[in-house]
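The primary structure of each chain is shown beneath.
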Amino acid sequence: MTATDQSIRQHTSESAAKVIEILRQWKPKHDEYTAGVIAREASFANGSFDAEKSASLDALGDECHELAADAEQIMRVHVFENLLPATAMDWIYDDYDALMADLADIAHGDF
């Protein structure tokens, strides 16, 4: 393996580790946001809607989206070759556990 190949592998591994960091921040926030959306919908039905809580929930949703977008960008540019943005987001939202396992392997140089 050439020095360039080694440098690329190291960069890819480090990038995967960075995505893991971001997604570890994203996951609990996303879970909280999802639960909040369900609660907000229920509050509409039972007449206990709270506009202030709703605005706070919207801000949390924005934060989740920003974290996912950051992870998606790094994945597309530095980890997975030829990955479409929609595919990256699908992996984050729909295949989180499998994605995290794959990223852990890549972060440890198993690719």
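Everything below is about the structure shown above.
A few points on the structure. (Residues numbered from 1 in each chain as written. Predicted model: local features only at pLDDT ≥ 70, side-chain atom pairs only at ≥ 80, totals over all residues. Heavy atoms only, no water.)

So, the nonpolar core
For step 1, the next point in the chain: Among the nonpolar cores identified, the biggest contains 24 residues, and Leu 23, Ile 92 and Leu 103 are the most heavily contacted of them.
For step 2, the next point in the chain: Within the residue set of this core, elements represented by two or more residues are helix H1 (3-46), helix H2 (51-79), helix H3 (85-94) and helix H4 (96-107).
For step 3, the next point in the chain: Counting residues per element, this core draws most heavily on H2, at 8 residues.
For step 4, the next point in the chain: Filtering out sequence-adjacent residues up to four positions away, Ile 92 remains in contact with Leu 23, Trp 26, Ala 68, Ala 71, Glu 72, Met 75 and Leu 99. (Core = buried A, V, L, I, M, F, W, Y, C linked by side-chain atoms within 4.5 Å. Buried < 20%, exposed > 50% of the residue type's maximum accessible area, 1.4 Å probe, protein only. Helix = DSSP H or I, 4+ residues; strand = E, 2+ residues; numbered from the N terminus. Contact = heavy atoms within 4.5 Å.)

A closer look at the packing of aromatic side chains
A ring pair, where both rings are aromatic, is described by two values, the distance of the centres and the angle of the planes.
For step 1, the next point in the chain: Enumeration according to the criterion identifies 4 aromatic pairs in this entry.
For step 2, the next point in the chain: Here Phe 44 and Phe 49 contribute two aromatic rings whose centre-to-centre distance is 4.6 Å and whose plane-to-plane angle is 15 degrees, an arrangement assigned as stacked.
For step 3, the next point in the chain: We classify Phe 49 as partly exposed; its relative accessible area is 37%.
For step 4, the next point in the chain: Ring centres of Phe 80 and Trp 91 lie 5.2 Å apart, and the angle between their planes is 80 degrees; this geometry places the pair in the edge-to-face category. Placement of Phe 80 in the loop between H2 and H3 and of Trp 91 in helix H3 is noted, with a sequence separation of 11 residues between them.
For step 5, the next point in the chain: A residue is classified by how much of its surface remains accessible, and Phe 80, at 17% relative accessible area, is buried.
For step 6, the next point in the chain: Since its relative accessible area comes to 28%, Trp 91 is described here as partly exposed.
For step 7, the next point in the chain: Through successive ring pairs, a cluster of aromatic residues spans Trp 26, Tyr 93 and Tyr 96.
For step 8, the next point in the chain: Against the face of Phe 111 rests Arg 9, its NZ or CZ located 4.2 Å from the ring centre. (Phe/Tyr/Trp six-rings, centres within 6.5 Å; stacked < 30°, edge-to-face > 60°. Lys NZ or Arg CZ within 6 Å of the ring centre and 35° of its normal.)

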